[in-house]
Amino acid sequence: QVQLVESGGGLVQPGGSLRLSCAASGSIFNIYAMGWYRQAPGKQRELVAAITSGGSTNYADSVKGRLTISRDNAKNTMYLQMNSLKPEDTAVYYCNANLRGVIAGRSYDYWGQGTQVTVSS
C-alpha cells in the first residue's frame, strides 16, 4: 500500500522560513510528477509548485522567488523550502504524487494527509 506523509509544518512569523517534506512509502515502481497544493479556509485547493521526475519545476505566481520545490528520487521524497513567508501563505499544505505501484498496471494520483502552515506574528 502506497502512502504519502508530509511533515515540517508549524507556526512561523512573517518573513520566516519553513521546510516541508513529503515521503512516499510502500511498494512503489516509479514516481512521476509531484506537487505541493494548499488550501486556505474558505478557499479552493490551489497548486503551489510542481516538479517532474527529471527536475523541471513550475510555480504559482504568488510564490515565485520565495518557495523552492525539490525532490530526492533515491529517497522518494519531495521538499518545499519556504522563505519570506507571508500571512497569506497560511493554509493546509498537501503533497501530491502521480506514481505507479509495483502491482498496478498504470499510475494513479496519491495525496498526503496535509500539514498546517500558519504565518502570524
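About the cut-offs
Residues numbered from 1 in each chain as written. Predicted model: local features only at pLDDT ≥ 70, side-chain atom pairs only at ≥ 80, totals over all residues. Heavy atoms only, no water. Patch = residues over 30% accessible without salt bridge, like charges linked within 9 Å, V, L, I, M, F, W, Y side chains within 5 Å. Areas by Shrake-Rupley, 256 points an atom, 1.4 Å probe, with all protein chains shown as cover. Salt bridge = Lys/Arg side-chain N within 4 Å of Asp/Glu carboxyl O. Helix = DSSP H or I, 4+ residues; strand = E, 2+ residues; numbered from the N terminus. Buried < 20%, exposed > 50% of the residue type's maximum accessible area, 1.4 Å probe, protein only.

A. Inspection of a nonpolar patch on the surface at higher detail. On the surface, Phe29, Val102 and Ile103 cluster together into a nonpolar patch covering about 380 Å² of accessible area. Inspection of the secondary structure puts Ile103 in the loop between β9 (91–101) and β10 (108–111).

B. A look at the pattern of salt bridges. Applying the stated criterion across every chain, the model contains 4 salt bridges. A salt bridge links Glu46 to Arg38; the nearest nitrogen and oxygen atoms lie 2.7 Å apart. What makes Glu46 partly exposed here is its relative accessible area of 35%. We note a salt bridge from Arg38 to Asp89, for which the minimum N-O separation is 3.0 Å. With a gap of 51 residues between them, Arg38 in strand β4 (residues 28–39) and Asp89 in the loop between β8 (77–82) and β9 connect regions that are remote in the sequence. Accessibility classification places Arg38 together with Asp89 in one group, the buried group. Connected through salt bridges with shared partners, the residues Arg38, Glu46, Arg66 and Asp89 form a single ionic network.

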